[in-house]
Amino acid sequence: MTETNLARTIIVNGDVIATSAGTLAELLSELGHAGRRVATARNGDFVPERARAATQIERDDRIEIVSPRHGG
Amino acid sequence: MNAIDPSAKPQSALALYGVELLSRLLIGTAQYPSPHVLARAVEASGAAIVTVSLRREQARGRTGERFLELIAALGVRVLPNTAGCRTVKEAVTTAQMAREVFGTDWVKLEVIANDDTLQPEVFGLVEAAGILAKDGFKVLPYTTEDLSVAERLVAAGCEVLMPWGAPIGSGRGLANPYALKSLRAYFPQLPLIIDAGIGAPSHAAAAMEMGYDGVLLNTAVARAGDPVRMAAAFARAIEAGRAAFESGLIGMRDMAEPSTPIAGTPFFDVGVPAGKRGDA
């Protein structure tokens, strides 16, 4: 039995979640970020917007999804 | 018309990475009591650059988009920071994410060493600055007043340095004026901006009188009783300090020197016998 079609556990912005998304682009859609001004990193590495559709999500991946905020 | 200079002679513009800026005040966008006050304070400051950051966005969240709309309406250049980053990797990845979201290759590079002082982790800072400069970033590093670190940052590709005045949010002003003067003297042509620790307009004016090219601050305005008026106060202090620097300050001396002419002083005669001078 493979994990391919099952929800797998990943960490998004520090929270453990279950997802069936296969790629980072799919994950963003699932979380309601599609078309929004967010930036992403996978396991500490920046993933440009153009690379999200080709970036596979694997179990235990650590994903960061960030957006503009106040800063000093 | 320039309020400080009655001849309306324009003060020399600040040029950072080839971009001329009309204001020498850079202001942060955090900690204001409301978005409305933030917008009015930035306007009152006259700042041409505001600092911004990246933070985690919640699922289906629109916080980032609302903030971008607010900033876009201000018509200023944004300078994303890497606040909170503790390693080279975190800082580089954050800078890359910021470049994509904000559409600018400028970055206020912070690598933080210590929770209590928020002081720069200068070894990581130099390494991250080199990586980012090679990747095409215009790096504005938040650093200490240490001259040897400054040299390494310049060698790494930084064309602007931002030494701290004092720890972030401390409001203590220029903690080490001697070292800051040395740094200024050592890099006469390099744009140097005091970043962090400023509490009062007099601190900012002192930095400008020293010949610093600009001041970046946030808490002193955002947490003031009236942030909008305080922003205007800082704008004037920085303008006054710059005008003073460009006008040539006098040096300090140990003893008094009369400002009123000595020649022609009444009763000032040599050799008049006691009892005839009116001082008996």
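Data block above holds the structure.
Just so it is clear, the model here is predicted, and its values are computed rather than measured. (Residues numbered from 1 in each chain as written. Chains lettered and ligands numbered in written order. Predicted model: local features only at pLDDT ≥ 70, side-chain atom pairs only at ≥ 80, totals over all residues. Heavy atoms only, no water.)

This part takes up the pairing of strand 3 (residues 25–28) of chain B. Residue and element names in this part refer to chain B. Burial along strand 3 is two-sided: the face carrying Leu-25 and Ile-27 and the face carrying Leu-26 and Gly-28 are both buried. By the bridge criterion, 3 bridges tie strand 3 to strand 10 (residues 214–217) in an arrangement that is parallel. Residue pairing in the sheet places Leu-26 in a bridge with Leu-216 of strand 10. With 3 bridges joining them, strand 3 and strand 4 (residues 49–56) adopt parallel strand pairing. (Buried < 20%, exposed > 50% of the residue type's maximum accessible area, 1.4 Å probe, protein only. Helix = DSSP H or I, 4+ residues; strand = E, 2+ residues; numbered from the N terminus. Pairing = 2+ DSSP bridges.)

Turning our attention to the sheet that holds strand 8 (residues 162–163) of chain B. Residues and elements named next belong to chain B. The 3 strands lie next to each other as 6-7-8, forming an open sheet whose pairing is parallel. Two strands lie at the open edges of the sheet, namely strand 6 (106–109) and strand 8, each paired on one side alone. Sheet analysis places strand 7 (residues 138–143) next to strand 8, joined by 2 bridges and oriented parallel. Its bridge partner lying in strand 8, Thr-143 is registered against Pro-163.

Okay, the interface of chain B and chain A next. Listed per partner, the contact involves 32 residues of chain B and 28 residues of chain A. For the pair chain B and chain A, the summed buried area comes to about 2600 Å², and 53% of that belongs to carbon and sulfur atoms. In terms of surface lost to chain A, no three residues of chain B exceed Arg-56, Met-97 and Glu-100 of chain B, which account for 25% of the buried area on that side. Among the ionic pairs, Arg-56 of chain B bridges to Glu-64 of chain A, the shortest N-O distance being 2.7 Å. Taken together, the connections running from chain B to chain A amount to 22 residue pairs in polar contact (both at pLDDT 80 or more). Elements represented by at least two residues in the side of chain B that touches chain A include exactly strand 4, helix 2 (63–72) and helix 3 (88–102) of chain B. Per-element accounting of the side of chain B that touches chain A gives the leading share, 7 residues, to helix 3 of chain B. Along the lines of polarity and charge, the residues of the side of chain B that touches chain A split into 10 nonpolar, 12 polar and 10 charged. Judged from the 5 bridges that link them, strand 5 (residues 62–70) of chain A and strand 4 of chain B form a sheet pairing that is antiparallel. For His-70 of chain A, the partnering residue across the bridge sits in strand 4 of chain B and is Val-52 of chain B. (Contact = heavy atoms within 4.5 Å. Buried area = accessible area lost by both parts, 1.4 Å probe. Salt bridge = Lys/Arg side-chain N within 4 Å of Asp/Glu carboxyl O. Polar contact = N/O pair within 3.5 Å; in protein donor to acceptor, adjacent residues only side chain to side chain. Nonpolar A, V, L, I, M, F, W, Y, C, P; charged D, E, K, R; others polar.)

Residues and elements named next belong to chain B. Relative to the assigned elements, Ile-194 resides in strand 9 (residues 193–195). A relative accessible area of 0% means that Ile-194 is categorised as buried. For the pair Ile-194 and Ala-243, spaced 49 residues apart in sequence, the C-alpha separation works out to 17 Å. Residue contacts for Ile-194: discarding those within four places in its chain leaves Pro-163, Gly-165, Leu-174, Leu-180, Ala-207, Tyr-212, Gly-214, Val-215 and Leu-216.

Time to look at the packing of helix 1 (residues 35–45) of chain B against helix 9 (residues 227–247) of chain B. All names here are of chain B. Running from N to C, helix 1 and helix 9 cross one another at 20°; their axes reach a closest spacing of 7 Å. As far as their axial angle goes, helix 9 and helix 1 are roughly parallel. The hand of the helix 1/helix 9 crossing is right-handed. Contact residues: Val-37, Arg-40, Ala-41, Ala-44 and Ser-45 in helix 1; Pro-227, Val-228, Ala-231, Ala-232 and Ala-235 in helix 9. Partitioning the contact of helix 1 with helix 9 into residue classes produces 8 nonpolar, 1 polar and 1 charged. (Axes fitted to C-alpha atoms, helices over the stretch in contact; angles between N-to-C directions. Parallel < 35°, antiparallel > 145°, perpendicular 65-115°, else oblique. Left-handed = near helix turned anticlockwise from the far one by under 90°.)

A few words now on the side chain of Arg-52 of chain A. Inspection of the secondary structure assignment puts Arg-52 of chain A in the loop between strand 4 (45–47) and strand 5. Among the polar contacts listed, one links the side chain of Arg-52 of chain A to the side chain of Glu-100 of chain B, at a separation of 3.3 Å. In contact with Arg-52 of chain A, not counting residues within four places along its chain, are Thr-23, Leu-24, Ala-25, Leu-28, Val-38, Ala-39, Thr-40 and Val-47 of chain A together with Glu-100 of chain B.

What follows concerns the pairing of strand 7 of chain B. Successive side chains on a regular strand alternate, one facing one side of the sheet and the next facing the other. Residue and element names in this part refer to chain B. The buried fraction of strand 7 is high, at 5 of 6 residues. For strand 6 and strand 7, the ladder comprises 4 bridges, and the chain directions are parallel. Looking at strand 7, one finds that Leu-109 is bridged to Pro-141. The β-α-β motif built from strand 6, the intervening helix 4 (residues 122–134) and the parallel element strand 7 has right-handed crossover chirality. After leaving strand 7, the chain enters helix 5 (residues 147–155) and then returns to the sheet as strand 8, a path that is right-handed. (Right-handed = clockwise from strand over helix to strand, strands pointing away.)

Right, let's talk about the nonpolar core for a bit. Proteins that are soluble and globular tend to have nonpolar side chains buried together. Core analysis: the biggest nonpolar cluster contains 80 residues, and Leu-16 and Val-139 of chain B have the highest contact counts within it. Ranked by size, the runner-up nonpolar core spans 12 residues in total, among them Leu-24, Val-47, Ile-57 and Ile-63 of chain A. (Core = buried A, V, L, I, M, F, W, Y, C linked by side-chain atoms within 4.5 Å.)

So, on to the environment of Glu-239 of chain B. Among the secondary structure elements, Glu-239 of chain B is positioned in helix 9. Residue Glu-239 of chain B is classed as partly exposed on the basis of its relative accessible area of 23%.

Residue and element names in this part refer to chain B. Per the stated rule, a full pass over the model turns up 2 aromatic pairs over all chains. Here Tyr-186 and Phe-187 contribute two aromatic rings whose centre-to-centre distance is 5.0 Å and whose plane-to-plane angle is 85°, an arrangement assigned as edge-to-face. Taking relative accessible area as the criterion, Tyr-186 reaches 43% and is therefore assigned partly exposed. Here the basic side chain of Lys-108 rests over the ring of Tyr-142, its NZ or CZ set 5.8 Å away from the ring centre. A cation over a ring is seen here: Arg-184 above Tyr-212, with NZ or CZ 5.8 Å from the ring centre. (Phe/Tyr/Trp six-rings, centres within 6.5 Å; stacked < 30°, edge-to-face > 60°. Lys NZ or Arg CZ within 6 Å of the ring centre and 35° of its normal.)

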